[in-house]
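What the coordinates show
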Amino acid sequence: MLFAAAATVAAANGGGSAGSGPSAHTAEPRTPGLRSPDAGFARDMAVHHQQAVEMSFVVRDRTQDEAVRTLAYDIANTQANQRGMLLGWLDLWGLPKVVAGEPPMSWMGSSGGHGGHAGHGADAGAAKPGALMPGMATKEELDQLGAASGRDAEVLFLQLMTDHHKGGVAMAEGCAQQCETPVERALAQGMVDAQRSELTLMADMLRQRGAAPRG
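Residues numbered from 1 in each chain as written. Predicted model: local features only at pLDDT ≥ 70, side-chain atom pairs only at ≥ 80, totals over all residues. Heavy atoms only, no water.

Some details on the confidence of the model for the protein chain
With 78% of its residues at a pLDDT of 70 or more, the protein chain shows a mean pLDDT of 84. Low confidence marks residues 1–27, where pLDDT is under 50. Its contacts with residues over four positions away, or in another chain, come to 22 contacts. Note on residues 110–124: pLDDT under 50 across the span, and 24 contacts to partners over four residues away in sequence or across chains. (pLDDT = per-residue confidence, 0-100. Contact = heavy atoms within 4.5 Å.)

In structure tokens form, the structure reads like this:
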């Protein structure tokens, strides 16, 4: 279930024991609002994930290195599945996947002024010119990746995906702290843990190629 609200609903209807009457089943679980952290994270992370999937498919065509190709496959598979879950929740909640005029990541400032970026550095806290959200590559960078090959493609992919993961971790931490839907909070924390592990792996892979993360 997406909502662990059965006990709350039962209590609100006078105890909720079996056979307590139809009133115990009339209350609906509260769904996230249009501009809630739950909905905002689902919309923004779906976009963020889509670019990671696209970059992963690009590099798989630009190198024969098995380590990079395996990492790219894992990222594409994982993030495509997670994106499907996020969009599915928006459908379940009856909320749009795009809200006109809504600035990306505006939901992260809606609770306690935390903003989701504390302790992650400037690279995770602001989008670079030409990028939609922190960590996302610009069109020019995507064009560079598509034109590169061999080691150059591997290094650029690892650098771009490192930036992408840093931005994604900051966003996911924001949801883990602010979202109210338990299963979405759990997914967000899973993203944090997995992407931090991949950041360590990518730093090692860059060192093996005589390179380092940018910035």
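Some points on the environment of arginine 207
Among the structural elements, arginine 207 can be located in helix 7 (residues 182–208). Through-space distance from the C-alpha of arginine 207 to that of valine 155 is 9.7 Å; in sequence the pair is 52 residues apart. (Helix = DSSP H or I, 4+ residues; strand = E, 2+ residues; numbered from the N terminus.)

Focus: the pattern of salt bridges
Tallied over the full model, the rule gives 13 salt bridges. Here glutamate 180 and arginine 30 are joined by a salt bridge, their closest N and O atoms 2.0 Å apart. With glutamate 180 in the loop between helix 6 (150–178) and helix 7 and arginine 30 in the loop between helix 1 (6–12) and helix 2 (37–60), the pair connects residues that are 150 residues apart, well separated along the chain. As far as the burial class goes, glutamate 180 and arginine 30 line up, both exposed. With its nearest N and O atoms 3.8 Å apart, the salt bridge here joins arginine 151 to aspartate 152. On the basis of relative accessible area, arginine 151 is assigned to the partly exposed category, the value being 42%. Taken together, the shared-partner salt bridges connect Arg35, Arg43 and Glu102 into one network. (Salt bridge = Lys/Arg side-chain N within 4 Å of Asp/Glu carboxyl O. Buried < 20%, exposed > 50% of the residue type's maximum accessible area, 1.4 Å probe, protein only.)

Observations concerning the side chain of histidine 165
Position of histidine 165 among the secondary structure elements: in helix 6. Within the local environment of histidine 165, its side chain forms a polar contact with the side chain of glutamine 195, the two groups lying 3.5 Å apart. Ignoring anything within four residues of it in the chain, the contact list for histidine 165 reads Ile75, Gln79, Gln195, Glu198, Leu199 and Met202. (Polar contact = N/O pair within 3.5 Å; in protein donor to acceptor, adjacent residues only side chain to side chain.)

Here's the deal with the environment of alanine 188
Secondary-structure assignment places alanine 188 in helix 7. Judged by its relative accessible area of 0%, alanine 188 is buried. Taking the C-alpha atoms as reference points, alanine 188 and alanine 42, 146 residues apart in sequence, are found 9.8 Å from one another. In this view, alanine 188 contacts Phe41, Ala172, Cys175 and Ala176; residues no more than four positions away in its chain are not counted.

Here we look at helix 3 (residues 66–93)
The terminal C-alpha atoms of helix 3, which comprises 28 residues, lie 41 Å apart, in line with the 40 Å expected from a rise of 1.5 Å per residue. Phi turns positive, to about 70°, at glycine 94, one or two residues after helix 3. (Expected span 1.5 Å × (residues − 1).)

Re the nonpolar core
Grouped together as the largest cluster of nonpolar side chains are 45 residues, with contacts concentrated most on Phe41, Leu86 and Phe157. Elements with a minimum of two residues in this core: helix 2, helix 3, helix 6 and helix 7. Among residues more than four places away in sequence, those in contact with phenylalanine 41 are Ala46, Leu86, Trp107, Met171, Ala172, Cys175, Cys179, Glu184, Ala188 and Met191. (Core = buried A, V, L, I, M, F, W, Y, C linked by side-chain atoms within 4.5 Å.)

Brief notes about the state of the cysteines
Scanning the model with the defined rule gives 1 disulfide in all. The disulfide partner of cysteine 175 is cysteine 179, and the gap between their sulfur atoms is 2.3 Å. One disulfide, between cysteine 175 and cysteine 179, carries an S-S torsion of -120° and so falls in the left-handed class. Taking relative accessible area as the criterion, cysteine 175 reaches 0% and is therefore assigned buried. (Disulfide = S-S within 2.5 Å.)

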